[in-house]
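Each chain, letter by letter, is given below.
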Amino acid sequence: MGSSDSLDPLEELHAQIRRCRRCSLSGVRTKAVPGEGASDASVMFVGEAPGGDEDKQGRPFVGPAGRLLTNLLKGIGLGRPQVFITNIVKCRPPRNRDPNADEIAACNEHLLTQIAIITPKVICTLGRFAGQTLIDKDLSITREHGRPRRISGILYVPLYHPAAALHQANLIDAIEADMRRLGEILAEELATPRPQAAS
Ligand code: URA
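Residues numbered from 1 in each chain as written. Predicted model: local features only at pLDDT ≥ 70, side-chain atom pairs only at ≥ 80, totals over all residues. Heavy atoms only, no water.

Caption draft 1: Broad picture of the overall build of the protein chain. Counting its regular elements, the protein chain contains eight helices and six strands. Mapped from its N terminus to its C terminus, the protein chain presents α and β elements in the order α-β-β-α-α-β-α-β-α-α-β-β-α-α. Relative to the globule expectation of 16 Å for 199 residues, the C-alpha radius of gyration of the protein chain, 16 Å, shows essentially globular dimensions. A principal-axis box enclosing the C-alpha atoms of the protein chain has dimensions of 45 × 40 × 30 Å. Looking at the 199 residues of the protein chain, the share that counts as buried comes to 49%. For the protein chain, the accessible area works out to roughly 10,000 Å², and carbon and sulfur atoms hold 50% of it. Between the centroid of the 25 positive side chains of the protein chain and the centroid of its 23 negative side chains there is a distance of 3 Å. (Helix = DSSP H or I, 4+ residues; strand = E, 2+ residues; numbered from the N terminus. Rg over C-alpha atoms; globule rule 2.2 N^0.38 Å. Buried < 20%, exposed > 50% of the residue type's maximum accessible area, 1.4 Å probe, protein only. Areas by Shrake-Rupley, 256 points an atom, 1.4 Å probe, with all protein chains shown as cover. Lys, Arg positive; Asp, Glu negative; His and termini not counted. Charge placed at Lys NZ, Arg CZ, Asp CG, Glu CD.)

Here's what the structure looks like:
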């Protein structure tokens, strides 16, 4: 009892992330933010990095952008416990600066292991950094938001980051339209059997 053998793989990974010292963000974080939601979720949402609220609570998307994300999910009939929400970088960059390439690379194995454990059918990237990390390093979020791409059996849907709508009110219509489309995509995708991943 109580040995690490009894932890489920996702909990074990999250315990490792909370102890992680792979990059210098570990020296300035309050709490690491591994992610939360269903360990067998069909849909994952991957943002950029924790902000101030997330750093204090150790939970993803709990500040203003998170409230908008939660409402957008509700709009397509999804509650947060049904999906899995995380970020490409698990610790807050100082003053909410963009994560740098070294930090993204240092954290990438954590993200890939989460994906391998959860095996989602659909991964929605939130914002440019997540889209460029998981889908295509040259992805233009302005051109490609809302357009799904299948890679190795997983359907990736690049979405604007919800914080973008808090800073640029004119983006909210596009973000809401992408969410409605995501609702349709999920209805189709989750009704069909999981395709075999390419080997
Ligand atoms: N922005 C993100 O990208 N992730 C969070 O967890 C919160 C805000």
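Caption draft 2: Quick peek at the layout of surface pockets. One number sums up the size of the largest pocket: a volume of about 720 Å³. Taken together, 30 residues line the largest pocket, and the ones lying closest to its centre are Glu48, His161, Ala163, Ala164 and His167. Every element with two or more residues in the lining of the largest pocket is listed here: helix H2 (52–57), helix H3 (64–75), helix H5 (128–134), helix H6 (141–144) and helix H7 (162–167). Its residues assigned to classes, the lining of the largest pocket comprises 13 nonpolar, eleven polar and six charged. (1 Å grid on protein atoms, 1.4 Å probe; cavity = no way out; pocket = protein on both sides within 12 Å on 5 of 7 lines; lining within 4 Å. Points joined across faces, edges and corners; volume = space filled by probe spheres on them. Nonpolar A, V, L, I, M, F, W, Y, C, P; charged D, E, K, R; others polar.)

Caption draft 3: Highlighting the packing of helix H1 (residues 9–19) against helix H4 (residues 101–118). With their axes 10 Å apart at the nearest point, H1 and H4 run at an angle of 170 degrees to one another. Taken together, the axes of H1 and H4 are roughly antiparallel relative to one another. For the pair formed by H1 and H4, the contact residues are Pro9, Leu10, Leu13, His14 and Ile17 on the first element and His110, Thr113, Gln114, Ile117 and Ile118 on the second. (Axes fitted to C-alpha atoms, helices over the stretch in contact; angles between N-to-C directions. Parallel < 35°, antiparallel > 145°, perpendicular 65-115°, else oblique. Contact = heavy atoms within 4.5 Å.)

These results come straight from atomic positions and should not be treated as a statement about function.
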